[in-house]
Every structure is written in structure tokens, then in C-alpha cells.
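Per-entry structural report
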Amino acid sequence: MNIIPTIGMETHVELKTNSKMFCRCHVLDTESPNESLCPTCLGLPGSLPVPNKKAIEFITLLALSTNCSITNDGMFHRKNYFYPDLPKNYQISQFDLPVGTEGSLEIVVDGEFGTVEIERVHMEEDTGKSTHIGSGRIDSATSTHLDFNRAGIPLVEVVTKPLIKSSKEAVAYIEELRQLVIDLDISEGKLEKGNLRFDANISVAHEGDKELGTKVEIKNMNSLKSLEKAIEYEISRQTKMLIAEENIIQETRHWDEKKEVTSSMRSKEGSADYRYFSDPDIPNMILSNDFVNEIKKIIPELPSQKRKMFIETGLSIEDANNLGKNKNWIGDLYRSITKITGDSKSSFNWVTGELQGQLRKLEIKDLPNWVTPKNLSEIILLVKEDKISFTSGKEILANLIEQEIVPEEFASENNLIQENNIEEISKIVEEVIENNSEVLERIANGEEKLIGFLVGQIIKISKGQVNPSVAKELLLKEISS
Amino acid sequence: MADKIDIKNVAKLASIKLNQEEEDRLKNDLSMIIEHFDALSKMDLPDDKISIHPLGMSLNLAEDIASKSLTHKEALSNAPESKDGQFVVPPSLD
Ligand SMILES: [Zn+2]
């Protein structure tokens, strides 16, 4: 009987506001600890939290863009737990009335569309950073050091339904969510900086079972690579246990990046009981229909819409998805170029491959203003119509990035235009055949790789102006006749 | 009512130590509170009169304009222990 894995994702998105969620301390990107604190984010008695308007706008944008229903009459709750990374001994979060519920997100897996169901999108505050000091192992620490700069930064938690079926789907989902928050301009979306942090809930069950298996939570995955590996590892660990009829324990496990295994974390005593209650310091969060409608008006073009538009130009789902991951100007440039060339695949390859590659090599961030859709299209069409070789196209592009040139003129001036006149090429082919009877004999005896040598001779005699594929075709025709 | 309260668990969640006498007294106090809520829930009230929030006011949001915080020195001034600009607390596990 088949064993089926089920995955749910919990993702924290750090919003890019100027000030914190419930106080007006700066959101700082600094290594110096404890530089941005006030009585509110330090949890001092008598301080009062006031929610950040921008953060509420940002989460509403995200909830709407993930097709969630908006809770008009929501509220903040206190999530109580004793851990020193939150000085108040509770985190302000949302419990049963989150900003968004019952949404969905379109994803692309292996070049095909999929859907991830979103359970909820809620607002909360980030915790401080704790460092455990001592020799070696975390549980032999002698003290814990705390930096509260991050405490109170607005955080959105996005929780999916446990309907994800593979590590690939989970990775595609995080990639999509990341692109979404970047396009919405509500988060830096940098995984390496912790702007996006994710945990995975994984269980396995026999196909057809009515109930899901025991859920295990995996933490500490810092990259998409480690997310994929951790899920794969955990599915195989649980599958083996299920087959052996061993008891899978509901627990939190840590992904060990070096050993590439998950291991059990010592569980917090009585941790499951957070005793949520409505925060008496913060009035109900009413999101009026007027407010929500205003936010609807400022939703930019979403990744799924960009994809759709790119697909309409003729790109595959995969290419359209990859194009959407680039800066907006790359997508815009592609759109203009493909209109001129009428060839979506070459336009895509040139823009995302050659052009971006050369710009990256030269460490150029913005396109020089003389590099236009028009002259880029000219290069693409010269190659497409076999007037110049692909290599020459790259050379012309490199020159165009450096200075204002007209591609076709540059090609003529530098003898890059290929000879496509069959009669002219045939003459050269005949000449080469006449002068290489020995080589021809060896080819006849099975040394087929020597065909390449002869093609090289043809190109050499033509001073590089013969299209190699045309030369080869004519050569083979001559030999076989 | 009092037998429904697991006072030891409540004390553990609140991270406080209670002796037997305190346990008995608090258990009694808590059951009185719960009985009070039981009485409230038996009242016949129209739905729209039920408030789920203690504050009957609408929410004021703050503009996202950062302002001056405490200085680093001020922020750490009440800490029993600090080192390298960080607060120092007894070891705690994730
Ligand atoms: Zn603050």
C-alpha cells in the first residue's frame, strides 16, 4: 500500500516598515545590539502598544493577493509563554480572528500549475535574538545574551493547509510567496537575512487513510535547498517508521545543516498551552470595507498575472515563471522585444541569458540608455535569420553595451555577415573536398568526427563568413553523392 | 467546580511555585471566578449586546514614522546584568 506524505507550511514574513509594529522605534539593519528600544518593545510597565498603519496596509495587501477573505472585525491576542527573547512574556499575535482566512496561491512545479491552499494570514511581532554562551553544546550554555533590536518588528505569519504533497511543491510555494512579497513591495524577501523564515509540518499515512498521520514540525531550514532536503529526509524517516509499525511522536525537530538529518529538540515543558486572550491594551482591529477597497486599488501586477501575460506571448509556463522572477524592467524589455521579433523563445533566451549574463559580468545594474528594444531586436533577428552567427551576435551585444552602435552596420564593418549564398558556399565546399581526399577516405572508413575538421576548413577559407550549419549540410550532401 | 481546576498545571504555566496552602487558596479563588462566568453565560442576552473585547472603542493606528528611542545606555540601565551591549540572562533553551 502506498504511503502518502502531507506537508503544511508556516512562514514568517518580516515587513519592511520604517518603525516597529507597536512602537515607533526604528527598524534597524545593524549588528550593534540593543540600539533601537523603547519602553514598549522592552515590555516595561505602563507602556502602551499602538499598531503601525503601514503594517496593517501591508498585511491586507498580502491577504488580498493570496485570495483570502478579510476579517473586518478582527483583534489582537496575547500569546503567553516564558522565553527571554520576548521581554513581555507574551507575544502580541492574532488567534481566532486573523486578518485573512481561506486563501490560495498559484504555484509552478515542474513546468505545471499547482495550487496551495492558505489557511490564514495573521499579524504579529518579531522576537529578539538570543545567543547561547558557553562551551559547545546548546544545552551546556552558561548564559543567554539578548539583543532586542528585532523585537517588535512587524511579522506576518502565513499558514497553509496541510495539503502540500512533496518537497518540490513546498519549495515552489516558498518561491512564489517570496516573489509575491517582493512584487507587493512589503518585504525585502531575503532568505539569507531572515526576512522569510519557514517551518514545515510533516506527516505520513497510508493512502486512503481517513486521518492524517502524527504531525512533526521541522525548524531551522535557512534556504530552499535545506527546505527540500529536510522534507525529503523527514518523509523517508517517517515512512520507514510507519512500515516498521513504530510509533511516530508528535514533536519539533531541528534540521541539522551539516549532518543533513532532523533531530529531536528538547521539548518545552507544557509548551502547547499559550493561554491566548484578547489584548486589553489594543482595541478591536476594524478593517472597514472602505479601507479594504482602497488597498484593492493599489495591488500591483502580481506574479501570477505576469506569468499569464508572458504565457500569452508564447512562452512555456516554466520560462514565464522564471522571467517573472527577474526585476520588472527585464520583463518589460522582454515584452517590447518579443513584439518586434515575433519570437518569444529567442527573445526570452537573449534577454534572460546573454544580456543579463553580460551585464552581470560587467557589474552593470541598469541598462545603458542607448540599449533599446529596437537595437536588441536587430541583433536577435540577424542571428535568427542566419545573417550572423550566434557567436557574432554575442560579440555585437558586448559592443552595444559598451557604446552606441547600429548592429547591422557593425556586423558589415567587422565582416560578421555570413555567406548564405548556396552557390558561393558550394564552390568552397568543392575546393575543400578536392584538397582533402585523404581525409575523405578516412571519413568513409568510419572516422566521422573528421567531418567537423572539414567544416572548419570551409569556415576558414570563407574567413568566418559561412554559416557552419549550412556548410555542414552542403558538405554531407556532396560526400554522400 | 473547584475539582475542575488543575492548579498545579496553572502554576506551572505561570512559572510560579506554590505551597499547599497557596494552592488551596488560589484554587478556591479561581473557582469563584469561573462560577461567575458560568452565571454570566446563563444570562439571556441578544447577540449584538455581547462584546468580545473589553475595550468598546475603535482602533487608532499610528503613522509609520520612526522616532527617537532610548539610548543604548538607557535601554540597558535597568538590566541586572549585561555584557557586550547585550542583556544577559540565565541559560535558556530554544
Ligand atoms: Zn520600541
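A quick note: this is a predicted structure, and the numbers were derived from the prediction, not measured. (Residues numbered from 1 in each chain as written. Chains lettered and ligands numbered in written order. Predicted model: local features only at pLDDT ≥ 70, side-chain atom pairs only at ≥ 80, totals over all residues. Heavy atoms only, no water.)

So, on to the coordination of the zinc ion. All names here are of chain A. Distances from the zinc ion to its protein donors, Cys23 (SG), Cys25 (SG), Cys38 (SG) and Cys41 (SG), fall at 2.2 to 2.4 Å. One way to put it: the 4 donor atoms around the zinc ion meet at angles of 98 to 116°, and that makes the site tetrahedral. Each donor residue of the zinc ion lies on the same chain, and together they follow the pattern C-x1-C-x12-C-x2-C. Accessibility assignment for this pair places cysteine 38 and cysteine 41 in one class, buried. (Donors = N, O, S within 2.8 Å, 3.2 Å for Na, K, Ca; no water. Tetrahedral: all angles 85-135°; square planar, octahedral: opposite > 155°, others 65-115°. Buried < 20%, exposed > 50% of the residue type's maximum accessible area, 1.4 Å probe, protein only.)

All names here are of chain A. Domain annotation of chain A identifies domain 1 (3-293), domain 2 (303-413) and domain 3 (422-480). Just the C-alpha atoms count here: the centres of domain 1 and domain 2 sit 39 Å apart. Tallying the contact residues gives 11 residues for domain 1 and 10 residues for domain 2. Note on domain 1 versus domain 2: buried area summed over both sides is about 920 Å², and carbon and sulfur give 54% of it. For the domain 1 face of the interface with domain 2, the top three residues by lost area are Val108, Phe113 and Gln179, together amounting to 42%. Where domain 1 touches domain 2, the interface holds 4 salt bridges. For glutamate 175, the salt bridge is made with lysine 325, and the minimal N-O distance between the two is 3.6 Å. (Domains from an automatic or database assignment. Contact = heavy atoms within 4.5 Å. Buried area = accessible area lost by both parts, 1.4 Å probe. Salt bridge = Lys/Arg side-chain N within 4 Å of Asp/Glu carboxyl O.)

Read across the sheet, 4 strands follow the order E8(A)-E9(A)-E2(B)-E1(B) without closing on themselves; strand pairing throughout is antiparallel. What marks the edges here is a single partner per strand, and that holds for strand E8 (129-133) of chain A together with strand E1 (82-83) of chain B. In the sheet, E8 of chain A pairs with strand E9 (residues 143-147) of chain A via 5 bridges, with the strands oriented antiparallel. The residue of E9 of chain A that forms the bridge with lysine 129 of chain A is aspartate 147 of chain A. (Pairing = 2+ DSSP bridges. Helix = DSSP H or I, 4+ residues; strand = E, 2+ residues; numbered from the N terminus.)

In this assembly, 50 residues from chain A lie in contact with 35 residues from chain B. The largest per-residue losses of area from chain A upon contact with chain B belong to Arg24, His145 and Pro283 of chain A, which jointly make up 14% of the total buried on that side. Between chain A and chain B we count 1 salt bridge in total. The shortest N-O distance in the salt bridge between glutamate 63 of chain B and lysine 53 of chain A comes to 3.3 Å. Applying the counting rule to chain A against chain B returns 15 residue pairs in polar contact (both at pLDDT 80 or more). For the side of chain A that touches chain B, the secondary structure elements donating two or more residues are helix H1 (53-65), E8 and E9 of chain A. Broken down by element, the side of chain A that touches chain B gets its largest block of residues, 5 residues, from E9 of chain A. Direction of pairing for E9 of chain A relative to strand E2 (residues 86-89) of chain B: antiparallel, over a ladder of 3 bridges. When the sheet's bridge partners are listed, threonine 144 of chain A is paired in E2 of chain B with valine 89 of chain B. (Polar contact = N/O pair within 3.5 Å; in protein donor to acceptor, adjacent residues only side chain to side chain.)

Of all residues in chain B, 81% attain a pLDDT of 70 or more, and the chain-wide mean is 84. Here the prediction assigns the complex a pTM of 0.85, and the interface score ipTM is 0.83. (pLDDT = per-residue confidence, 0-100.)

This brings us to the pattern of salt bridges. Pairs can form between side chains of opposite charge once their charged atoms are near each other. Residue and element names in this part refer to chain A. If you walk through the whole model with that rule in mind, you get 31 salt bridges over all chains. Between aspartate 199 and lysine 219 there is a salt bridge, and its shortest N-O distance comes to 3.1 Å. Taken together, the positions of aspartate 199 in strand E11 (residues 196-206) and lysine 219 in strand E12 (residues 216-221) put the pair 20 residues apart, joining distant regions of the chain. Looking at aspartate 199, the relative accessible area reads 12%, which means it is buried. Taken together, the shared-partner salt bridges connect Glu14, Asp126, Arg150 and Arg197 into one network.

Before going further, it helps to examine helix H2 (residues 167-183) of chain A. All names here are of chain A. End to end, H2 covers 24 Å across 17 residues, agreeing with the expected 24 Å (1.5 Å per residue, within 8%). The element H2 is extensively covered by neighbouring structure, given that 13 of its 17 residues are classed as buried. A positive backbone phi angle near 60° is found at aspartate 185, which sits one or two residues after H2. (Expected span 1.5 Å × (residues − 1).)

To continue, consider the confidence of the model for chain A. Low pLDDT means the predicted coordinates in that region are not meant to be read closely. For chain A, mean pLDDT is 90; residues scoring 70 or higher make up 97% of the total. When mean pLDDT is compared element by element in chain A, strand E10 (residues 154-160) of chain A scores highest at 98, while helix H15 (residues 468-480) of chain A scores lowest at 81.

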